[in-house]
Amino acid sequence: MASTIPASHSDLLQSKPAFAQLATVNSDGSPQVTPVWVDYDGTHVLVNTARGRVKTKNLERNPRVAMAISDPENPYRYVAIQGRVVEMTEKGGDPHIDRMAKKYLNKDTYPYRRPGEVRVIVKIAPEKVHTNG
């Protein structure tokens, strides 16, 4: 069952440079957690990563995720999300990471691109959402 991000906490995904702690499942069943930049399109939580990274491989094998996003100004205000990846696409990955660089680094272009890197947008459908603050 799909859930939505309450308007009271959507700023943590859309406008504030709040990092998400993204949990995926390794092939041996153990958890893997990575801090990531996040975005929200009104329906899906968006994470931009690169093809070949551990989280990308984990998500291709098992689409279940959990994440927590705390307000950088008040860590007791947060949104916790459990959901599933519904799409992983390279389409629009480069312009999206540039928009994320503007949000998180105040840079017009993502400065950490590596030669041959292929950016991937991960679309996550929230299934359970919990907020505080």
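Residues numbered from 1 in each chain as written. Predicted model: local features only at pLDDT ≥ 70, side-chain atom pairs only at ≥ 80, totals over all residues. Heavy atoms only, no water.

**Focus on the sheet that holds strand E1 (residues 20–25)**
In step 1: If you walk across this open sheet you meet the seven strands as E2-E1-E5-E6-E7-E4-E3, and the pairing is antiparallel. Each of the sheet's edge strands pairs with one partner strand only, and the pair in question is strand E2 (31–36) and strand E3 (38–40). Here the strands of the sheet are splayed against their neighbours by 35° on average, with no regard to which way each runs.
In step 2: Where E3 lies against strand E4 (residues 45–50), three bridges are found, and the strand directions are antiparallel. Directly across from Tyr 40, in E4, lies its bridge partner Val 45. (Pairing = 2+ DSSP bridges. Helix = DSSP H or I, 4+ residues; strand = E, 2+ residues; numbered from the N terminus. Axes fitted to C-alpha atoms, helices over the stretch in contact; angles between N-to-C directions.)

**Considering the side chain of Glu 117**
In step 1: Relative to the assigned elements, Glu 117 resides in the loop between helix H3 (93–105) and strand E7 (119–132).
In step 2: Given a relative accessible area of 18%, Glu 117 falls into the buried group.
In step 3: At 3.2 Å, the side chain of Glu 117 forms a polar contact with the side chain of Arg 119. (Buried < 20%, exposed > 50% of the residue type's maximum accessible area, 1.4 Å probe, protein only. Polar contact = N/O pair within 3.5 Å; in protein donor to acceptor, adjacent residues only side chain to side chain.)

**Brief notes about the environment of Ala 50**
In step 1: Topologically, Ala 50 is positioned in strand E4.
In step 2: For Ala 50, a relative accessible area of 4% gives the class buried.
In step 3: When the C-alpha positions of Ala 50 and Pro 75 are compared, they lie 28 Å apart, and in sequence the two are 25 residues distant.
In step 4: Dropping the residues within four chain positions of it, Ala 50 is found in contact with Thr 56, Glu 117, Val 118, Arg 119 and Val 120. (Contact = heavy atoms within 4.5 Å.)

**A word on helix H2 (residues 54–61)**
In step 1: Those residues of H2 that sit buried are Lys 55, Thr 56, Asn 58 and Leu 59. Mapping the buried residues of H2 onto a view down its axis gives an arc of 165°, with all of them on the same face.
In step 2: Turning to H2, the residues buried within the fold contact E1, E2, E4, strand E5 (64–71), strand E6 (74–89) and E7. (Arc of directions from axis to C-beta.)

**Looking at the pairing of E7**
In step 1: Where E4 and E7 come together, six bridges link them in antiparallel fashion. By the bridge assignment, Asn 48 is partnered in E7 with Ile 121.
In step 2: Pairing of E6 with E7, which is carried by 11 bridges, proceeds in the antiparallel orientation. Bridged to Thr 89 within E7 is Ile 121.

**A look at unusual backbone geometry**
In step 1: Here the phi dihedral of Asn 106 falls at roughly 55°; this positive angle occurs in a residue that is not glycine.
In step 2: Tracing the sequence through the fold places Asn 106 in the loop between H3 and E7.

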